Structure formats: structure tokens, C-alpha cells
Amino acid sequence: MYTPAATRTLRTGETLEIGAVLAPDDDHAPLVRPILAHKSHNEQWHLDEVFAGRVGPLETRFYLGRLNNRAICNIMVSEFGGIGIVSHVYTAPEYRRKGIARLVMAEQMADFNDRGGRYLTLSTGFDTHPYHLYHDFGFRSVVPESGHMKYMGNAAFEAEHYRDDGTGKARVIPGDWKHWPSLNVLCAQAGPPYLRNVGLGHIGPRMFEGAYLGLMKQTREKDDVQVRLVVTELGAVAGYATLVPDIRWRGETLLLDLTVHSAFTEQLKPLLESFVLPVGRKVFCHVEPGDGSKAAALEDLGFIHEATLRQQFKAAGDLLDVDIYARYA
């Protein structure tokens, strides 16, 4: 479905039409796909899934700026339950620095807020022109001097998102599209543990948008790639874990990464137990100092402490060690 939202007159005198395509929409996919033709193979696969209606209840909207029936600007929002990911923000090169992205962004943000939107995340370069554009619309760095940004309609959202509903219940599920936006809320949380995902190079708060769609593609193609989420009774993603071949060793070993919100450390053990660990392959997991809950969960599942890497990475101004745990199936 394509919904015209507004028209704006540019400085050139041309009339910009701004509207939104809500996928899946075979009729209007041709409006969107040409302007995103430069995207990567994994991103094109994700767009195929979106327009084919294979992303479940995840809503995907493409906010378009159009001149002469041609889309010259796009902003994509992947959304579920009032939580969204802003991505694929792109303006055709010949139309840049004309304020077009700002006009489309204004309509996107107004629509998100009008529909009761609660939280948005995005990634960009820190202190760049796009960074300041997003900042003008209320986005803020998740930590100082970061291009990973979040927008909260309510300053108390994060505390409410991870509150205990009184049951203390959570479940572990395979990775899916519906919980992708809420996963980014978890990834935006500051503070320890800082070692979020060694396989993806995630140290400290950073968004998971591009890496996650790549993992979702791999889980459909490879038996030894697994993704798990911890989902609370209130629908918040409170933890995630990945199991992938370790390319440093030709994929002969596997790399296990897991992290949970500090209020849900009791979910570490069921998160680990949800994986199908292959026979005959070594599995590694990395643990930062002080993360005793993670170390204990690994030991309960038969992992042993194999080595310590001294002063391996920097977080909060300190050089930290990394403990390596391993399991031999």
C-alpha cells in the first residue's frame, strides 16, 4: 500500500511528493527497489524477504521522496510493537544537500509518533552531516561520541521495557524478524558486560541491524549457524546468543557468543542449553572479568577455562582481560 503524506516545494521550484510504502506490496515495490539497487547482497536478500511477506508480523515502511514519479530519497523503518530500526537512509547523489532527506525524515518521524511509536535506533558516522540531522530529530548517541543512536518518545521507556512483570518468566526462541527491533534496544544498553559478541566484533553498545539480517540468512542456509533470543513475558528481548563457525580456524571450530540484560542473568543457562552443539567440533566462548554468571553457566554445560588473554580490549577507559572457555564435544 502506498500512502501519499505531503508535498513540499523545493528551492528549485520542483514539487517533492512524500509518501510511504507499507510492504509487502508487489504493486509499489518498483518504486522502492531502484533507489536501493546499490545495497549489498545480504540487504537485497532481506528486501526480497520483505516484499515477499516472509518477515512475519514485522512491519516495514519505506518513506519516499518522489520527483516526477521517481523515488529520489528513501528511509526504511522496520517496526514491531512501537519499536523500530531506521535504515537505508539514502538520497540520489544529484539531489543531495538540498534538504530533501530532512523533509522525508520529518514526515517519517511525525508518522511514527502519530502511531504511538516508542523507540527507534539507527547507525551512522559520529559527527557527520547525517548524525546532526538525526540529532535534530531527537536521536542521541547511546554512549558519548558514538554513531549508534536511539530515540525515545518516553524517557522512562528502557526501564519499563525491562521491568519484571511479577512472573519472572522468559523464554528462549530461535532468532526471528519480529524481535529484531527489540534486540537493538538491548544492544543500545550501556555498561557491562562490554564483551557483547566477539564473532561480530561487538564490544560495548552498538546496533545489530546489518549483522542480524546476515545471520538470519545464514541460519536458512547453514546447519552450524544458530541464533537464539531471550524474550520476556512483556515482549522485550533480554538476551541473545549466536553460534557460528570460527573463520580464523577454517570453520573447524565454532564460536559461541551470548549476552543478557543485567536483570535477566538467570536466563544464561537456558540460553546455552537451547543450542544444538555439533559432535566432533570444539566450541569457544569468551568471558570478560567479573562476569561470573556467564562463566558459571558455561561450566554447568561442560565448558572448561582454557586460557586468559591479558589486556585484550579496552572498555570504560580500562584494558581488560578475556577468559576463554572451551567445550570438546
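Below or above, wherever it landed, is the structure these notes cover. Keep in mind that this is a model prediction, so the values were computed, not measured.

1. Concerning the layout of surface pockets
Part 1 of the reasoning: Of the pockets and cavities examined, the largest pocket occupies roughly 400 Å³.
Part 2 of the reasoning: What lines the largest pocket is a set of 17 residues, and nearest its centre among them are T91, A101, H129, P130 and L133.
Part 3 of the reasoning: Listed by contribution, the elements that provide at least two residues to the lining of the largest pocket are β5 (83–91), α3 (100–114) and α4 (129–136).
Part 4 of the reasoning: Across the lining of the largest pocket, the residue classes break down as 8 nonpolar, 5 polar and 4 charged.
Part 5 of the reasoning: Here the second largest pocket defines a volume of roughly 280 Å³.

2. Brief notes about the state of the cysteines
Part 1 of the reasoning: On inspection of all chains with the given rule, the structure shows 0 disulfides.
Part 2 of the reasoning: Summary of cysteine pairing: C285 is not part of a disulfide, and the nearest cysteine sulfur, belonging to C187, is at 16 Å.
Part 3 of the reasoning: In this structure C285 comes out as buried when scored by relative accessible area, which is 0%.

3. A look at the nonpolar core
Part 1 of the reasoning: Counting residues in hydrophobic clusters, the biggest one holds 73 residues, and the most contacted among them are F62, W177, L183, Y212 and L256.
Part 2 of the reasoning: Ranked by the residues each element gives to this core, the list is headed by strand β13 (residues 237–245), at 6 residues.
Part 3 of the reasoning: Residues in contact with L256, not counting those within four places in the same chain, are T242, L243, L272, F275, V283, F284, C285, H286, L298 and F303.
Part 4 of the reasoning: By size, the runner-up hydrophobic cluster in this structure holds 27 residues, among which are Y95, M105, F112 and F139.

4. Side note on helix α7 (residues 209–219)
Part 1 of the reasoning: Taken residue by residue, α7 has E209, Y212, L213, G214, L215, M216 and K217 as its buried positions.
Part 2 of the reasoning: Turning to α7, the residues buried within the fold contact α2 (41–51), β5, β6 (119–123), α6 (180–187), β12 (226–232) and β13.

5. Regarding the sheet that holds strand β2 (residues 15–23)
Note: strands within a sheet are paired through backbone hydrogen bonds, in either parallel or antiparallel orientation.
Part 1 of the reasoning: One open sheet holds the 8 strands; their spatial order is β1-β2-β3-β4-β5-β6-β8-β7, and the pairing between them is mixed. Here the strands that pair on one side only, and so sit at the sheet edges, are β1 (2–9) and β7 (140–141).
Part 2 of the reasoning: Relative to strand β3 (residues 59–67), β2 is paired through 7 bridges, and the arrangement is antiparallel. From the neighbouring strand, E17 faces β3, where its bridge partner is R66.
Part 3 of the reasoning: With respect to the sheet, α2 is in contact with β2, β3, β4 (70–80) and β5, its orientation differing from that of β3 by roughly 105 degrees.
Part 4 of the reasoning: Together, β1, β2, β3, β4, β5, β6 and β8 (148–152) form the strand contacts of α3, whose direction differs from that of β4 by roughly 30 degrees.

What counts and what doesn't
- Residues numbered from 1 in each chain as written.
- Predicted model: local features only at pLDDT ≥ 70, side-chain atom pairs only at ≥ 80, totals over all residues.
- Heavy atoms only, no water.
- 1 Å grid on protein atoms, 1.4 Å probe; cavity = no way out; pocket = protein on both sides within 12 Å on 5 of 7 lines; lining within 4 Å.
- Points joined across faces, edges and corners; volume = space filled by probe spheres on them.
- Helix = DSSP H or I, 4+ residues; strand = E, 2+ residues; numbered from the N terminus.
- Nonpolar A, V, L, I, M, F, W, Y, C, P; charged D, E, K, R; others polar.
- Disulfide = S-S within 2.5 Å.
- Buried < 20%, exposed > 50% of the residue type's maximum accessible area, 1.4 Å probe, protein only.
- Core = buried A, V, L, I, M, F, W, Y, C linked by side-chain atoms within 4.5 Å.
- Contact = heavy atoms within 4.5 Å.
- Pairing = 2+ DSSP bridges.
- Axes fitted to C-alpha atoms, helices over the stretch in contact; angles between N-to-C directions.

Taken by themselves, the reported measurements are silent on function.
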